[in-house]
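Architecture at a glance
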Amino acid sequence: MNEWLDPLLLSRWQFGLTTVYHFLFVPLTIGLVTTVAIFQTAWYRTNKAHYLQLTHFFGKIFLINFAMGVVTGIVQEFQFGMNWSDYSRFVGDVFGAPLAFEGIAAFFLEATFIGLWIFGWDKLPRGLHLATIWLTTAGSIASAYFIIAANAFMQNPVAYQINEEKGRAELTSIGELLTNPVALAAFPHTIFACFMVSAGLIISVAAWHLSRNQHLTTMRPALKFGLWMMVISGALTTVMGDQLSLAMVEAQPMKMAAAEAMYHTATGANASFSIFTLGTPDGVSELFSIRIPYLLSFLSTHTFDGTVEGINNLQEQYTQLYGPGDYAPIIWVTYWSFRWMIGLGIAHILVAVAGLWVTRKGRSPQTWIWKIAIWSFPMSLLAMSVGWVFTEMGRQPWLVFGLLKTADGVSPNVSGLEILISLIAFTLLYGALAVVEFRLILKAVQKGPDPATAPDPVSGEIKHTTTVY
């Protein structure tokens, strides 16, 4: 029983629950606000009614998702002070700086202009109103960058010095912190992955309506847009992921070794990438494996004869550097989350390519193909979620790599029972919110776009309808 009331274990579970739940809304918000801005721009430039319909339709889904993301994000940040006060005390001067930028600058930019966009349809000129959604987009993307910069410090601590008298890390350069190599590599990879999530939603929604032969004038162009968005953003996510892997190997070689469950340092052909492996967790006995020679070496060093350090070798190095302890993350989590991320990402890119082929020249595929396409959104969201799990779990046992272990960051005066009660409360509350979110979005999706507005008889302009979001 005492083990289940361990404050460290329960704090990790609570923060993990909050983070994963919050992260379900973040990529969709970033991807959808950009999508809505593109649709509104298309309407502004072409005056075609279906672009205005798509703007309103996906705008509703974006706002539902945005509201839920704000609520869960605020709770997540409070936990730094409640459950992880020693962490906040030790690195708050550094870690808090990009979060302050995110809250004071980026989020307020986003919140201000999203309000102007919602209530400005009947009050602002078309061009000025279009600018509000693009400024909202800029705020969302800027928020993402500042949060990624904060997280990058945990992965690769830079721009700090240790104040021995106060026993804490202090910021030395905000510029160096914001240009952390891990942040510069992770940001484009994350943003393009967000576009994949948005594309997955568009494909799923369009496929659902087209399978029922309804809203054809809006859902056919929406499907084409989603398919192309998935292919393009998927390709860019892959390229940027390669750059991120190089930065990861440089900053955290243990994470790459854990991603492959590679226990011994290998070079060239021996540094292979396993598609699937069965064996013991300690890597002593490998029962079955499908491997691609040289691939792990190439991913880690961009050469086919590069050396990739193994878990056992790195464990010895870290023991000498940081003292006794287990410095490897949970191997089965990193191994499988890395493969699920890659596998699901490739799968829904292939679905999009197949979709472009079967719908070419206005063709309508068979019903079973639509049923496959409907799974595009769950696949893309799951792919990004397991990628985030890999990023965070692969850093363990560190909160800040090489500086602060997870066990040393938990609040000393919070009991396990208190955390357990709040964990149960959060789980029940988030479960209820998930039901509300799902039903609201499902209702909006099933309803479909509002009817098209007739052109003005004098000017021929398609005017927007007053929409209550």
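Going by the structure above, here's the rest.
Here's what I pulled together on the structure shown here.

**Some points on the overall build of the protein**
When you go through the protein residue by residue, the secondary structure sums to 15 helices and 8 strands. For 469 residues, the compact-globule estimate of 2.2 N^0.38 gives 23 Å, and the protein sits close to it at 24 Å. For the protein, the spread of C-alpha atoms along the three principal axes comes to 80 × 50 × 45 Å. A burial count over the protein gives 49% of its 469 residues as buried. Counting only carbon and sulfur atoms, one obtains 68% of the accessible surface of the protein, whose full area is about 21,900 Å².

**Some details on unusual backbone geometry**
With an omega of 15°, the peptide bond between Gln 396 and Pro 397 qualifies as cis. With phi around 60°, Asn 47 is a residue other than glycine that occupies positive phi space. Topologically, Asn 47 is positioned in the loop between helix 2 (26-46) and helix 3 (49-82). Positive phi, normally seen in glycine, also occurs at Ala 261, with a value near 55°. Along the polypeptide, Ala 261 turns up in the loop between helix 9 (253-260) and strand 3 (266-267).

**Some details on the packing of aromatic side chains**
In this structure the tally under the stated criterion is 26 aromatic pairs. Consider the rings of Phe 101 and Phe 146, whose centres lie 5.4 Å apart with planes at 20°: the pair is stacked. Of this pair, Phe 101 sits in helix 4 (residues 85-119) while Phe 146 sits in helix 5 (residues 126-155); the two residues are 45 residues apart in sequence, bridging distant segments of the chain. Its relative accessible area of 37% is what places Phe 101 among the partly exposed residues. Classification of Phe 146 as buried rests on a relative accessible area of 15%. A connected cluster of aromatic rings, assembled from ring pairs, spans Tyr 318, Tyr 322, Tyr 327, Trp 398 and Phe 401. Here Arg 126 stacks its cationic end above the ring of Trp 43, 4.0 Å away from the centre of that ring.

**Some remarks on the nonpolar core**
In terms of nonpolar packing, the biggest core is built from 56 residues, with Phe 58 and Ile 61 touching the most fellow members. Among the elements that line this core, the one with the most residues is helix 7 (residues 181-211), at 14 residues. Setting aside anything within four residues of it in sequence, one finds Phe 58 in contact with Leu 32, Val 36, Phe 39 and Ile 202. Ranked by size, the runner-up nonpolar core spans 21 residues in total, among them Trp 84, Phe 95, Phe 153 and Met 154.

**Structural notes on the pattern of salt bridges**
Per the counting criterion, the structure on display carries 3 salt bridges. In this structure, Asp 93 engages Arg 168 in a salt bridge whose closest nitrogen and oxygen atoms are separated by 3.8 Å. One end of the pair, Asp 93, is in helix 4; the other, Arg 168, is in strand 2 (residues 168-171), with 75 residues separating them in the sequence.

**What to know about the packing of helix 8 (residues 216-251) against helix 12 (residues 331-358)**
Taken N-terminus to C-terminus, the directions of helix 8 and helix 12 make an angle of 140°; their axes are 9 Å apart at the nearest point. As judged from the angle between their axes, helix 8 and helix 12 are oblique. At the point where helix 8 passes helix 12, the crossing takes the left-handed sense. Residue-level inspection shows Lys 224, Leu 227, Trp 228, Met 230, Val 231, Gly 234, Ala 235 and Thr 238 of helix 8 in contact with helix 12, the latter providing His 348, Ile 349, Ala 352, Val 353, Gly 355 and Leu 356.

**Concerning the pairing of strand 1 (residues 160-163)**
Two elements, strand 1 and strand 2, share 4 bridges in a ladder whose sense is antiparallel. Residue Gln 161 lies in a different strand from strand 2, and its bridge partner there is Glu 170. The hairpin formed by strand 1 and strand 2 contains 4 residues between the paired strands, and Gly 167 there has a positive phi angle of roughly 65°.

Reading the values: the criteria
- Residues numbered from 1 in each chain as written.
- Predicted model: local features only at pLDDT ≥ 70, side-chain atom pairs only at ≥ 80, totals over all residues.
- Heavy atoms only, no water.
- Helix = DSSP H or I, 4+ residues; strand = E, 2+ residues; numbered from the N terminus.
- Rg over C-alpha atoms; globule rule 2.2 N^0.38 Å.
- Buried < 20%, exposed > 50% of the residue type's maximum accessible area, 1.4 Å probe, protein only.
- Areas by Shrake-Rupley, 256 points an atom, 1.4 Å probe, with all protein chains shown as cover.
- Phe/Tyr/Trp six-rings, centres within 6.5 Å; stacked < 30°, edge-to-face > 60°.
- Lys NZ or Arg CZ within 6 Å of the ring centre and 35° of its normal.
- Core = buried A, V, L, I, M, F, W, Y, C linked by side-chain atoms within 4.5 Å.
- Contact = heavy atoms within 4.5 Å.
- Salt bridge = Lys/Arg side-chain N within 4 Å of Asp/Glu carboxyl O.
- Axes fitted to C-alpha atoms, helices over the stretch in contact; angles between N-to-C directions.
- Parallel < 35°, antiparallel > 145°, perpendicular 65-115°, else oblique.
- Left-handed = near helix turned anticlockwise from the far one by under 90°.
- Pairing = 2+ DSSP bridges.

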